Amino acid sequence: MNYFTKKAKWIGREEGGFFPINCPAPAIELRKVFTLKKLPKEAECLILGLGLHVLYINGKRVGDDVLSPAFTAYDKRALYLRHDVKKYLTEGENVIAVKLGNGFFNETVVGHWNVHLAPWRNTPRLLFELFADGESVIASDTEWRVRNTGATVHNVLRTGEYYDARLEDNWKTAEYCDTGWRFAKTVHPTGGVIEEMVMPRAKECEHLKPIRKWKTRRGIIYDFGKNIAGYVSLVGKAKCGTTVSLTYSEKLDGVELDTENARYITYAHPFAQDRYTFSGDGVEKWKPEFVYHGFRYVEAIWSDGDSGELDLTAYFVHTDLKCKGSFTCSDELMSWIYDAGIRSFLSNYQGHPLDCPHREKNGWTGDANISADYAVCLYDLKMPYLKWISDMSDAQRINGQLPGIIPSAGWGYAWGSGPAWDYAAFYLPYVLYRESGDNEALIKAYPIMQRYLDYAKEREDGDGLVCYGLSDWCPPTMIGDCNIMENRFSDSCYYMDMCRIAALTAKMQNDGVNAERYAEKAALIKENIKKIYATDEEITSHGQGALAFLLYFDVIEGEAAESVAERLAELVKSDNYVHKVGILGMKALPNALSKYGYNDVAIKLLTRTEYPSYGHWRSLGETTLCEKWENVSSRNHHMYSDVINWMIRNIAGMQNRGIAYDKAAFVPGFFADNCSASASTETPRGKIAISWEKNGTDFTADITVPEGTEATLILPGKTMSVKTGVIKIKI
């Protein structure tokens, strides 16, 4: 079936009366026994359980997804899941059992981002229907039973999950007697669109065992060796009523756990802590169902003061994105950057891109702009991006304004947005089109673009430029004045490129009037930027970021651009290859240098090992990229990760010079006398790849070019066409 029938009703324990702030917030359990006279040939169910749900049929967990459904602004849009459930059913008596967690539907702790005040906030609720051979067999209604006194006694995304095994019973089985449970009540629908969740689901994509552990003042710390998003499972034995608290963190203070860098604006206490109370019935096993944390370390503290033995396993949880590309490199630092950057990116894909998986769990749009180029090369992001574009549409105000975090409970309009962040509504669908040739996301985003450009026009100053958002965020703070580019300059560059993308999108839809209007607007903004920021006097005074932006956004071209590129390279050299930019400039800077022939300067810039640098982070033992170069605050951010895209394009040298690699260039970036690198991705025409090796003056490469791609190999002093197929080149 494509959708719920009228038989399915929204049900829950009660309407309104959601759990008060900073109080225990238990899971809701619902069940329904039904009879099948015969086994169906086909059976599927549709389920929408908010905030988060876990489905069981006859005591068996259905599906391997976790933390479903993906977060949306629930009063605007909610997502249901479809499961093939034939293998779970039996002839005769069956039972559907559903556990509902709070998620962000019912945030019960005060937070900086006001999710506890969300307009959608309400008690957990369920919409469910089971179909057998195309006919509706069972649907959610007031004949279901419900309770909130099960073993999951508390679950809040920002605080953690508490489980009391003494309250366990066999409620998931048909034999269980539920006469002591209430009948479910019908509750209000969420109020928005209900759609099937067709994007990949979150899963336990990797598991890790501790690489070491040690005793602390309070308990035992387990080190899992990598900073990830997810949770741990436990296996252990203790007397009845003993509770073990598991506190998660990515940071230590000496040998003690330290959560202050991640919790300082969450207002949640305790922060990132799961608790398990033992039943005393032999060896017990458990893992959370409704939370995830950002962590490398877990501290186990026992309520009776005894540091008992636990077998812990960490699960790396994220949206199960399909990988379609790769990168390798013989340089250890660049390999570390790639691994750490990818781990940061995946940690922060939880239904949509986040900034960090511990402190905020927010969909900051600016961070996603930074990582988009390599993300669409390495992963299939069409359906995830389409989902997030729907979220953007839901978040956009009538006047066209967008918040800095999406989905939003109302926070992020007054601060945290602006052109460099709002650019996500334009750039993500565009970069997906450029990489894959698929324009569906662009077409879907076009109404958002139109409304936003109307809004931006109202924000123009007398020079036709804009300045109303965040600037070049989080530059190094311990190297003196970075000469960060003016906010108005960076905002206006993004505004210009938004108009360019809107013009392209309008043309795709045969909207000639708007295509011309947006193209003319982009040209006008470009001229206005040049008049103010590209004069000889201004260029002389610009820092690294402003010079890079002039080149990256093609504000200037030709001989003028060559001159600015030379000045930029000399400035970086005079700064001892220290980057003096924030996240916006750090995306533009190495790409602008390489674009104009200064790849060697970009390599030295990116492979430094002293503060501030990626190499410095590596020397401190980090396994993900940090929010700040000073190694304070979050240690799992992807907003400095565009270096991955730069390495794919300028070290491995696989460059898309058209749309979906209809034109491609292979431009290996040599970084040592003896070095090697490789990159690959899937295009609509097939795989494109390069794997090269340089030994002194000898060069070899294995290159794969799909049919329909016009490819060129560019080496120092030598350019040659590359035929389709798999070929080997030796020079």
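Look a little higher up for the structure.
In what follows, the accompanying structure is described. (Residues numbered from 1 in each chain as written. Predicted model: local features only at pLDDT ≥ 70, side-chain atom pairs only at ≥ 80, totals over all residues. Heavy atoms only, no water.)

Next up on the list: the overall build of the protein chain. Within the protein chain one finds 16 helices and 34 strands. Over its C-alpha atoms the protein chain spans a radius of gyration of 27 Å, differing by no more than 12% from the 27 Å that the globule rule assigns to 731 residues. Taking the principal axes of its C-alpha atoms as reference, the protein chain extends roughly 85 × 60 × 55 Å. Evaluated residue by residue, the protein chain yields a buried proportion of 64% over its 731 residues. Averaging the positions of the 84 positive and the 95 negative side-chain charges in the protein chain gives two centres separated by 4 Å. (Helix = DSSP H or I, 4+ residues; strand = E, 2+ residues; numbered from the N terminus. Rg over C-alpha atoms; globule rule 2.2 N^0.38 Å. Buried < 20%, exposed > 50% of the residue type's maximum accessible area, 1.4 Å probe, protein only. Lys, Arg positive; Asp, Glu negative; His and termini not counted. Charge placed at Lys NZ, Arg CZ, Asp CG, Glu CD.)

The geometry of an aromatic ring pair comes down to the distance between the two centres and the angle between the two planes. Summed over the entire model, instances satisfying the criterion amount to 50 aromatic pairs. Ring geometry for Tyr-248 against Phe-295: centres 4.9 Å apart, planes inclined by 75°, an arrangement best described as edge-to-face. Linking Tyr-248 in strand β19 (residues 243-249) with Phe-295 in strand β24 (residues 293-302), this pair joins segments that are 47 residues apart in sequence. Accessibility expressed as a relative area gives 1% for Tyr-248, which makes it buried. The class for Phe-295 is buried, based on a relative accessible area of 0%. Judged by centre distance (4.2 Å) and plane angle (10°), the rings of Trp-617 and Trp-629 are stacked. (Phe/Tyr/Trp six-rings, centres within 6.5 Å; stacked < 30°, edge-to-face > 60°.)

Right, let's get into unusual backbone geometry. With an omega of 0°, the peptide bond between Ile-406 and Pro-407 qualifies as cis. Tracing the chain through its elements places Pro-407 in the loop between α4 (382-395) and α5 (419-422). The omega torsion of the bond from Tyr-611 to Pro-612 falls at -10°, within 30 degrees of zero and hence cis. Along the chain, Pro-612 falls in the loop between α14 (599-606) and α15 (614-619). Phi is positive for Asp-133, which is not a glycine, with a value near 50°. Note that Asp-133 resides in the loop between β8 (125-132) and β9 (135-139). Not every positive phi belongs to a glycine, and Tyr-661 is a case in point at roughly 65°. You can see Tyr-661 is positioned in the loop between β27 (654-656) and β28 (663-666). The class for Tyr-661 is buried, based on a relative accessible area of 0%.

Bringing the packing of helix α11 (residues 544-552) against helix α13 (residues 583-595) into the picture now. In helix packing, the relevant descriptors are the interaxial angle and the interaxial distance, both defined with respect to the helix axes. Interaxial distance between α11 and α13 falls to 8 Å at its minimum, and their mutual angle equals 60°. Regarding the angle of α11 to α13, the classification is oblique. At the point where α11 passes α13, the crossing takes the left-handed sense. In this structure, α11 uses Gln-544, Ala-548, Phe-549, Leu-551 and Tyr-552 to contact α13, whose residues at the interface are Leu-584, Gly-585, Lys-587, Ala-588, Leu-589, Asn-591, Ala-592 and Lys-595. (Axes fitted to C-alpha atoms, helices over the stretch in contact; angles between N-to-C directions. Parallel < 35°, antiparallel > 145°, perpendicular 65-115°, else oblique. Left-handed = near helix turned anticlockwise from the far one by under 90°. Contact = heavy atoms within 4.5 Å.)

Our next topic: the sheet that holds strand β5 (residues 60-61). Spatially, the 6 strands line up as an open sheet ordered β5-β4-β7-β2-β10-β13, and their pairing is antiparallel. Each of the sheet's edge strands pairs with one partner strand only, and the pair in question is β5 and β13 (182-183). The pairing of strand β4 (residues 52-57) with strand β7 (residues 92-101) spans 6 bridges and is classified as antiparallel. Opposite His-53, over in β7, you have Leu-100 as the bridge partner. (Pairing = 2+ DSSP bridges.)

Residues Leu-246, Leu-310, Tyr-614 and Met-647 are the most contacted members of the largest nonpolar core, which totals 217 residues. In terms of residues, this core owes the most to one element, helix α8 (residues 487-508), which gives 11 residues. With sequence-adjacent residues up to four places away left out, Leu-310 is seen in contact with Tyr-222, Leu-234, Val-235, Gly-236, Val-244, Leu-246, Phe-278, Ala-300 and Trp-302. With 33 residues, the next largest nonpolar core counts Leu-36, Leu-81, Val-146 and Val-156 among its residues. (Core = buried A, V, L, I, M, F, W, Y, C linked by side-chain atoms within 4.5 Å.)

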